[in-house]
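Summary of the model geometry
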Amino acid sequence: MPAQSMEELVALCKRRGFIFQASEIYGGLQGIYDYGPLGVELKNNLKNAWWRAMVYERDDVEGLDSAILTNQKVLLYSGHEATFSDPLVDCRDCKSRWRADHLESDQCPKCGSSNLTEPRPFNLMFKTAIGPVDDGSSFAYLRPETAQSIFTNFKNVLDSTSRKLPFGIAQIGKSFRNEITPRNFIFRVREFEQMELEFFVEPGEDEDWHDRWIQERMSWWSEQGVNENNIELLHVEGDELAHYSKATVDLMYRFPHGLEELEGIANRTDFDLGSHTKNQADLSISADVEENRDSNTRLAYHDQQANTWTVPYVIEPSAGVDRGVLAVLNEAYTIERLENGSERTVLKLKPHLAPIKVAVLPLKRNHDEIVETSRRIKQDLQRLGLGRILFENTGNIGKGYRRHDEIGTPLAVTVDFETLEDQTVTVRDRDTMAQERVHLEELSAFVTERVR
Ligand code: GAP
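Reading the values: the criteria
- Residues numbered from 1 in each chain as written.
- Predicted model: local features only at pLDDT ≥ 70, side-chain atom pairs only at ≥ 80, totals over all residues.
- Heavy atoms only, no water.
- 1 Å grid on protein atoms, 1.4 Å probe; cavity = no way out; pocket = protein on both sides within 12 Å on 5 of 7 lines; lining within 4 Å.
- Points joined across faces, edges and corners; volume = space filled by probe spheres on them.
- Helix = DSSP H or I, 4+ residues; strand = E, 2+ residues; numbered from the N terminus.
- Nonpolar A, V, L, I, M, F, W, Y, C, P; charged D, E, K, R; others polar.
- Near = heavy atom within 4 Å.
- Polar contact = N/O pair within 3.5 Å; in protein donor to acceptor, adjacent residues only side chain to side chain.
- Areas by Shrake-Rupley, 256 points an atom, 1.4 Å probe, with all protein chains shown as cover.
- Sits in = over half its atoms within 2 Å of the grid points.
- Pairing = 2+ DSSP bridges.
- Axes fitted to C-alpha atoms, helices over the stretch in contact; angles between N-to-C directions.
- Domains from an automatic or database assignment.
- Buried area = accessible area lost by both parts, 1.4 Å probe.
- Salt bridge = Lys/Arg side-chain N within 4 Å of Asp/Glu carboxyl O.
- Buried < 20%, exposed > 50% of the residue type's maximum accessible area, 1.4 Å probe, protein only.
- Contact = heavy atoms within 4.5 Å.
- Lys, Arg positive; Asp, Glu negative; His and termini not counted.
- Parallel < 35°, antiparallel > 145°, perpendicular 65-115°, else oblique.

**Details of the layout of surface pockets**
Reported here for the largest pocket is a volume of approximately 1,500 Å³. Lining of the largest pocket is provided by 47 residues; of these, R99, R177, E240, D250 and E261 occupy positions nearest its centre. Only α4 (80–83), β5 (85–90), β11 (191–201), β12 (231–235), β13 (247–255), β14 (258–269), β17 (313–320) and α9 (321–332) provide two or more residues apiece to the lining of the largest pocket. With six residues, β14 is the single largest residue contributor to the lining of the largest pocket. Here the lining of the largest pocket is composed, by residue class, of 16 nonpolar, twelve polar and 19 charged. Volume-wise, the second largest pocket comes out at about 340 Å³. Considering the residues around the second largest pocket, the lining is formed by 14 residues, among which L158, R163, Y301, H302 and Q304 are closest to the centre. Sorting the residues of the lining of the second largest pocket by element identifies α6 (154–161) and β15 (301–303) as the ones contributing at least two each. Here the lining of the second largest pocket is composed, by residue class, of four nonpolar, four polar and six charged.

Okay, structure coming up:
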C-alpha cells in the first residue's frame, strides 16, 4: 500500500535525511532540493539500475555524459527558443503568477480575484552569461532536456563506434526549467535529473519500436517496485504533443497528489537530427524544420554498401529521476500494525535500491571485542561491492531495527556474546522481521543472495 499523503513522504525524507530544501538556512529556493545522505544513495541506485538496463544489458546502446551549458543555436534550431513555453497569467490584484492550464477556475487561487491577465507564453529556459562581461551578447542556456546534446553528438558517437541502425545513445543528467509554479515536493522542480534514451531507427520501423519501448519501460518500472496497476498509459493528443513529436505515450503514475507523468515515450521522427543538419533538402527530411544556416554537419546515417544517406527516426523514452525517486518511495512506504498493537513504519524498497544494504549493530557499544568483530564484519561485507554497509555503534538494538526499517535497510546483523563463542550472528529481515543465526563463514553468501 503506497503512502496516504505527500506530507508523510516529505516528513520521512526530512527526518531521515533523504531530501532537504536547498539553501534552507537562507529561506530556501522555490522548486530546488538537495539530496541528503540516504537520498543520494537511493538516487544513485535508481540511476545505476537504469544504466544497467539501458547500456550494460543491451548490445545496441552507447552512453554519453555531455555538458549542461548549451550553445544558443542548439536550442534555436531544436525549436525550444520559439516553443518551449507555458501559458502564464498574472493576478493584477495580489501580483501572484500562475500557469493558465493549471488553474481550476477563472479566479486567482491565492486571493480569489477574477482580475487576471490574458495568458501569454513564458519561455522556461534559464540563461546565463558566458565570460567575464555580462553585456547580454554572450550567453548560454542551461539545457532544458538532456536529449539535444545526444542529437548534436550523433555524428561523434557514430564515427567513433561504427554503430549500425538501430542503435541508441543513453544519458543521465541535470536539466533545468524555470517552472512558473513548481510544486508537489520533488515532482515539479526547476532543477532536476533526467534519464533519456534516444533510439535511432530506420524510418518506417519507428512505430514498431515505439510500442516495444513502451513495454520495456513498463517492465523496468515494475522491477523497481512500482506496481503496474498504479501506472496508466496516456496517448497524448493533438495540441498537447510537443513540437517535435509524431506520437507520445506518457506513463502516468498514481503519485500521492494524483495521476501524473512519470515518463514520456515519444516518437520524435527525424525532427531533431534534421533540424541540426545542413543541406536538409538533399536528405528528404520528413519533419517541417527551419533551414539550417549555422551548422556544417550532416547528422545522418550513411549506408556504405548502398551508398545512401538516411536521417533516422528517433524513439525517446525520457524519465525523470526525481519523479522516479518519489514513485519508488511512495510504493515502498508502509505502515504496519504489529501483534502487540503498536505500529512500525517500514520502507519496503527493492534491495538493489535500498540506500544501506546491511546495518551491522554491536549489542554492547563499549565491549571492545564485540565492537571490533562488528567492524571487521562491516569491512568484509563492504568488500562484496553490494553498496553501502553501515557499522552503527549505538548499543540500542531495538531502536536500530526501527530506524533501519524506516529507511529501508533490508538486513540487520547483530553481533553479541554468542558471536564471540560460536562465530554466529543474528540476521534480521526487514520485511518479515524474522531473525536467524548465520555462521560468519556463510554470512557473505547469505547477504549476497538476499541483497543483490
Ligand atoms: N526530452 C523529452 C523531455 O524532456 P518531458 O516530458 O518534458 O520530455 C521528460 O520530460 C521527463 O522529465 C518527464 O516525464 C518527467 O519525469 C521529467 N520532468 C520534466 N519536467 C520536470 C520538472 N519540472 N520537474 C521534475 N521532473 C521533470
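**Overview of the site of the ligand**
Around the ligand, 21 residues are found, and the nearest of them are E145, R177, V189, E196 and E261. Within the side chain of E196, a nitrogen or oxygen atom sits 2.5 Å from a nitrogen atom of the ligand. Residue L262 places a main-chain N or O atom 2.9 Å away from an oxygen atom belonging to the ligand. Calculation on the ligand without its partners gives an accessible area of 550 Å², and the protein chains cover 90% of this total. The pocket occupied by the ligand, as judged from atoms lying within 2 Å of grid points, is the largest pocket. Breaking the shell around the ligand down by element, the ones donating at least two residues are β11, β14 and β17. In terms of residue class, the shell around the ligand is made up of seven nonpolar, four polar and ten charged.

**Some words on the sheet that holds strand β6 (residues 97–99)**
The strands that make up a sheet pair up through hydrogen bonds in the backbone, lying either parallel or antiparallel. With respect to topology, three strands assemble into an open sheet ordered β6-β5-β7, the strand pairing being antiparallel. The sheet terminates laterally at β6 and β7 (120–123), the two strands that pair on one side only. The sheet shows a mean angle of 50 degrees between the axes of neighbouring strands, taken without regard to direction. Across four bridges, β5 lies against β7 in antiparallel orientation. Within β7, the residue paired with L88 across the bridge is R120.

**Considerations on the domain arrangement of the protein**
When the domains of the protein are assigned, the result is domain 1 (6–82 + 144–329) and domain 2 (356–451). Look at where the C-alpha atoms of domain 1 and domain 2 centre, and you get two points 39 Å apart. For the pair domain 1 and domain 2, the summed buried area comes to about 600 Å², and 50% of that belongs to carbon and sulfur atoms. When the buried surface of domain 1 facing domain 2 is broken down by residue, R16, L38 and E41 rank first, second and third, together holding 64% of it. Our count for the domain 1 to domain 2 interface comes out at two salt bridges.

**Remarks on empty space enclosed by the protein**
With the rule as written, the count across this model stands at one cavity of 30 Å³ or more. Lining the largest cavity are Y401, H404, D405, T409, P410, L411, A412, R428, D429 and R430. When residues of the lining of the largest cavity are traced back to their parent elements, those giving at least two are α11 (397–407), β22 (411–415) and β23 (424–429). Broken down by element, the residue count for the lining of the largest cavity peaks at three residues, all from α11. Residue composition of the lining of the largest cavity, grouped by class: four nonpolar, two polar and four charged.

**What about the environment of A49?**
In this fold, A49 is placed in helix α2 (residues 37–56). Its relative accessible area of 4% is what places A49 among the buried residues. The spatial distance from the C-alpha of A49 to the C-alpha of T248 is 24 Å, given a sequence separation of 199 residues. When neighbours within four sequence positions are excluded, A49 is seen to be in contact with W220, Q224 and H352.

**Observations regarding the side chain of R190**
Mapped onto the elements of the fold, R190 is located in the loop between β10 (167–176) and β11. Notably, R190 is buried but unbridged: the nearest opposite-charge side chain belongs to E179, and the N-O separation is 7.3 Å. A polar side-chain atom of R190 sits 3.5 Å from a polar atom in the side chain of N178. Once residues lying within four places of it in the same chain are set aside, the contact partners of R190 are Q30, G31, I32, F126, S175, F176, R177, N178, E179, I180 and P182.

**Looking at the pattern of salt bridges**
For the structure on display, the rule yields 37 salt bridges. Where R450 meets D429, a salt bridge forms, and the shortest distance between an N and an O atom there is 3.5 Å. Placement of R450 in helix α13 (residues 440–451) and of D429 in strand β23 is noted, with a sequence separation of 21 residues between them. Through salt bridges that share partners, E336, R344, K348, D405 and R428 make up one connected network.

**Quick notes on the packing of α2 against α9**
Packed helix pairs are characterised by how far apart their axes lie and by the angle those axes make with each other. Relative to each other, α2 and α9 sit at 105 degrees, their axes nearing to 10 Å. Between α2 and α9, the interaxial angle falls into the category roughly perpendicular. Residue-level inspection shows L42, K43, L46 and K47 of α2 in contact with α9, the latter providing V321, D322, G324, V325, V328 and L329.

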